[in-house]
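Spelled out from the first residue to the last, the chains are:
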Amino acid sequence: MNMNQAAIEAIQKVKARLGDELILLAHHYQRPELTALADKLGDSYELAKAARDAKDARFIVFCGVRFMAEAAEVLRRDEQKVFHPEATAGCPLADFADRASVEAAWNRMSEVRGPEAIMPLVYMNSTAELKAFVGKHGGAVCTSSNAGRAFEWAFRERQVVFFLPDEHLGRNTVAGMDIKPEEVVLWDPSSPEGGVEVDRLKKARVILWKGYCHVHTAFTIEDVAWARQKHPDARILVHPECPQPVVQAVDGAGSTSYLVREVAEAAPGTTLIIGTEMHLVERLTAQYSDRQVIPLRRSLCYNMARIDLTNLRATMEALPEGPVVQLDEELKADARLALERMLSI
Ligand code: 13P
Ligand code: SF4
């Protein structure tokens with residue numbers, strides 16, 4: 001028996017022993033050997049909800065990046081514990097917005113526009129600390145599947161939307177709304193006062209944070225042109241963390257769940273070219289062999305890939321001890337406010 005097989009059997013043994021007391025969650029971008037073992041596959045928000053809704057599960061083992069395990073920790077029930085097999089599996093996009101820089105930006109914006117004018121909206125791909133900041137200031141979390149609705153809600157409540165930390169999801173969301181390009185400004189935390197002149201800040205309706213996902217900004221309009229030439233009948237679909245010119249050049253953009261659904265619902269024989277993390281695209285290719293599913297480019301989230309059979313096995317075998325996710329209670333209460341506001345929008 002090779003090492004992988006031994007790890008798979010050891011993980012299955014723990015699952016059999018703990019039964020419904022354990023739920024093993026895996027994000028769509030996880031390695032195939034892990035998605036095959038999961039009780040539930042999903043996007044970040046679906047997984048956090050699935051953990052809470054699994055009534056008998058006391059142990060939640062989360063295969064995904066840190067902000068996802070933190071969201072599950074924020075939403076979990078009292079008797080549950082969340083375990084994350086590799087604490088260094090972070091998300092560079094989430095790390096673009098640290099609390100100190102965000103507070104400094106917030107203070108400057110509030111000084112120019114007034115404290116009640118700005119609604120903070122935070123993407124799910126953010127630290128629990130940032131969600132807590134937003135919750136405390138009356139704002140909400142959103143995901144790539146409900147960003148449009150969240151922006152509309154924010155504009156009903158206040159004059160300006162401060163969206164962070166993904167510039168591209170912000171731009172792609174605003175593109176479908178009645179907002180002029182000059183009313184959108186980009187806040188660069190590495191420049192004094194965000195690099196935004198006071199006159200522009202006074203007129204802004206949307207303030208975007210300068211952050212991006214390296215996995216999705218790897219896709220280019222040249223990739224799209226190549227794909228069109230090679231597969232003229234294909235539908236090309238991408239995630240809205242891709243730059244706006246890419247999103248505008250393709251046939252559709254949407255969340256991880258949207259991409260999964262579009263492939264699942266496509267007619268046999270269809271060709272689909274997908275611009276998102278490569279482990280998901282490869283899994284869809286294998287799963288739907290009666291249609292052609294091709295990556296727009298092979299783009300890897302190496303942080304997602306830090307969870308593997310070795311650290312998952314160690315986590316499972318150590319239960320009920322092990323790499324438990326812990327957050328300050330006050331921080332969790334504020335972050336929960338922002339997450340629950342998303343549900344009420
Ligand atoms: P979702 O699971 O919310 O779609 O986000 C995944 C992600 O990390 C996109 O890059
Ligand atoms: Fe973060 Fe991008 Fe990886 Fe998603 S794909 S976890 S946003 S680095």
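Refer to the structure printed above.
Anyway, here's the lowdown on the structure attached to this text. Predicted, not measured: the structure shown is a model, and the values here were computed from it.

**Details of the overall build of the protein chain**
Right, on to step 1. A tally of regular secondary structure across the protein chain gives 16 helices and 13 strands.
Right, on to step 2. Whereas a compact globule of 345 residues would reach a radius of gyration of roughly 20 Å, the protein chain reaches 21 Å, a difference of no more than 12%.
Right, on to step 3. Taking the principal axes of the C-alpha coordinates as reference, the protein chain spans close to 65 × 55 × 35 Å.
Right, on to step 4. Each of the 345 residues in the protein chain was classed as buried or not, and the buried ones make up 57%.
Right, on to step 5. Restricting the contact set of the protein chain to residue pairs at least 6 apart, pairs at least 24 apart contribute 66%.
Right, on to step 6. In the protein chain, 41 positive and 49 negative side-chain charges are present, and the distance between their average locations comes to 1 Å.

**Topic: the sheet that holds strand β7 (residues 160–164)**
Right, on to step 1. Strand order in the open sheet formed by five strands is β6-β5-β7-β9-β8, with parallel pairing between adjacent strands. The open sheet has two edge strands with one neighbour each: β6 (140–142) and β8 (184–187). For this sheet, the mean inter-axis angle between neighbouring strands, taken without regard to orientation, is 25°.
Right, on to step 2. Here strand β5 (residues 118–123) runs beside β6; their pairing, made up of three bridges, is parallel.

**Considerations on helix α1 (residues 3–18)**
Right, on to step 1. Across its 16 residues, α1 extends 23 Å between first and last C-alpha, which sits within 8% of the 22 Å expected from 1.5 Å per residue.
Right, on to step 2. Looking at α1, one finds that the buried residues are A7, I8, A10, I11, V14, K15 and L18. Buried residues of α1 fall within an arc of 165° about the axis and therefore sit on the same side. Across from the buried face of α1, at angles greater than 90 degrees, the exposed residues are K13, A16 and R17.
Right, on to step 3. Regarding α1, its N-cap is N2, as a side-chain oxygen of that residue lies 3.1 Å from the backbone nitrogen of N4 further along.
Right, on to step 4. Following α1 by one or two positions, G19 adopts a phi angle in the positive range, close to 50°.

**Here's the deal with the pairing of strand β3 (residues 59–63)**
Walk down a regular strand and you will see the side chains alternate between the two sheet faces.
Right, on to step 1. A large share of β3 lies buried, amounting to five of its five residues.
Right, on to step 2. Judged by which residues are buried, β3 turns out to be covered on both faces: F59, V61 and C63 on one side and I60 and F62 on the other are all buried.
Right, on to step 3. Sheet analysis places strand β1 (residues 22–27) next to β3, joined by five bridges and oriented parallel. Looking at β3, one finds that L22 is bridged to F59.

**Quick notes on the nonpolar core**
Right, on to step 1. Within the largest apolar cluster, 93 residues are counted, with the highest numbers of intra-cluster contacts made by L121, F151, F162, F163 and I207.
Right, on to step 2. Per-element tally for this core: the top contributor is helix α4 (residues 66–75), with seven residues.
Right, on to step 3. Excluding residues that lie within four positions of it along the chain, F163 makes contacts with L121, Y123, C142, F151, L169, G170, I207, L208 and W209.
Right, on to step 4. Core analysis: the second largest hydrophobic core is formed by 21 residues, L18, F59, F83 and I307 among them.

**Structural notes on empty space enclosed by the protein**
Right, on to step 1. All told, the structure shown has one cavity of 30 Å³ or more when counted by the stated rule.
Right, on to step 2. Reported here for the largest cavity is a volume of approximately 280 Å³.
Right, on to step 3. Considering the residues around the largest cavity, the lining is formed by 28 residues, among which Y29, F67, M68, N125 and E241 are closest to the centre.
Right, on to step 4. At the level of elements, α3 (44–53), α4 and α13 (256–265) are the ones that each hand at least two residues to the lining of the largest cavity.
Right, on to step 5. Of the residues that constitute the lining of the largest cavity, the class distribution is 13 nonpolar, twelve polar and three charged.

**Focus: the packing of α1 against helix α15 (residues 309–318)**
Right, on to step 1. Where α1 meets α15, the axes come as close as 9 Å, and the angle between the chain directions of the two elements is 30°. With respect to each other, α1 and α15 are oriented roughly parallel. Helix-helix and strand crossings are classified by hand; for α1 and α15 the assignment is left-handed. Here N4, A6, A7, I8, A10, I11, V14 and K15 of α1 come into contact with α15, specifically with L309, L312, R313, M316 and E317.
Right, on to step 2. Its residues assigned to classes, the contact of α1 with α15 comprises nine nonpolar, one polar and three charged.

Thresholds, definitions, all that
The numbers attached to residues start from 1 for each chain and follow its sequence in the written order. As they are written, the chains are lettered A onward and the ligands numbered 1 onward, keeping that order. Restriction of local features to residues with pLDDT of at least 70 applies here, the model being predicted, together with a cutoff of 80 or more for giving and counting side-chain atom pairs; totals for whole chains, interfaces and linings are based on all residues. Neither water nor hydrogens contribute to the side-chain values; these are computed over all heavy atoms in the structure. Segments assigned H or I by DSSP are reported as helices when at least four residues long, segments assigned E as strands when at least two residues long, and all are numbered from the N terminus. Only C-alpha atoms enter the radius of gyration, while the globule expectation follows 2.2 Å times N to the 0.38, with N the number of residues. Throughout, exposure labels follow a simple rule: accessible area from a 1.4 Å probe, protein chains only, divided by the maximum for the residue type, with under 20% read as buried, over 50% as exposed, and the rest as partly exposed. In what follows, residue pairs with any heavy atoms lying within 4.5 Å of each other are defined as contacts. The positive count covers Lys and Arg only, the negative count covers Asp and Glu only, and His and the chain ends enter neither. In plain terms, the charge of a residue is placed at NZ if it is Lys, CZ if Arg, CG if Asp and CD if Glu. Here, any two strands with at least 2 DSSP bridges between them count as paired. Structural elements are reduced to axes, namely lines fitted to C-alpha atoms, with helices fitted over the stretch in contact, and the angle between N-to-C directions of any two is expressed from 0 to 180 degrees. A helix is expected to span 1.5 Å for every residue after the first. Arc definition: directions from the helix axis to the C-beta atoms. By the criterion applied in these results, polar contacts are pairs of N or O atoms within 3.5 Å in which, for protein atoms, one can donate a hydrogen and the other can accept it, and in which residues neighboring in sequence qualify only through two side-chain atoms. The criterion is simple. A nonpolar core is a set of buried Ala, Val, Leu, Ile, Met, Phe, Trp, Tyr and Cys residues joined through side-chain atoms within 4.5 Å. Throughout, the protein atoms alone are placed on a 1 Å grid, and a set of points is a cavity if a 1.4 Å probe fits but cannot get out or a pocket if it is open with protein on both sides within 12 Å along at least five of seven lines; lining residues have an atom within 4 Å of a point. Grid points are joined across faces, edges and corners, and a volume is the space filled by probe spheres set on the points. When residues are sorted by character, Ala, Val, Leu, Ile, Met, Phe, Trp, Tyr, Cys and Pro go into the nonpolar class, Asp, Glu, Lys and Arg into the charged class, and all the rest, Gly among them, into the polar class. Note on angle classes: values under 35 degrees are labelled roughly parallel, values over 145 roughly antiparallel, values of 65 to 115 roughly perpendicular, and the remainder oblique. Here a crossing is called left-handed whenever its near helix is offset anticlockwise from the far helix by less than a right angle, and right-handed whenever the offset is clockwise.

So, to be careful, I would describe these as geometric facts and stop short of saying anything about function.
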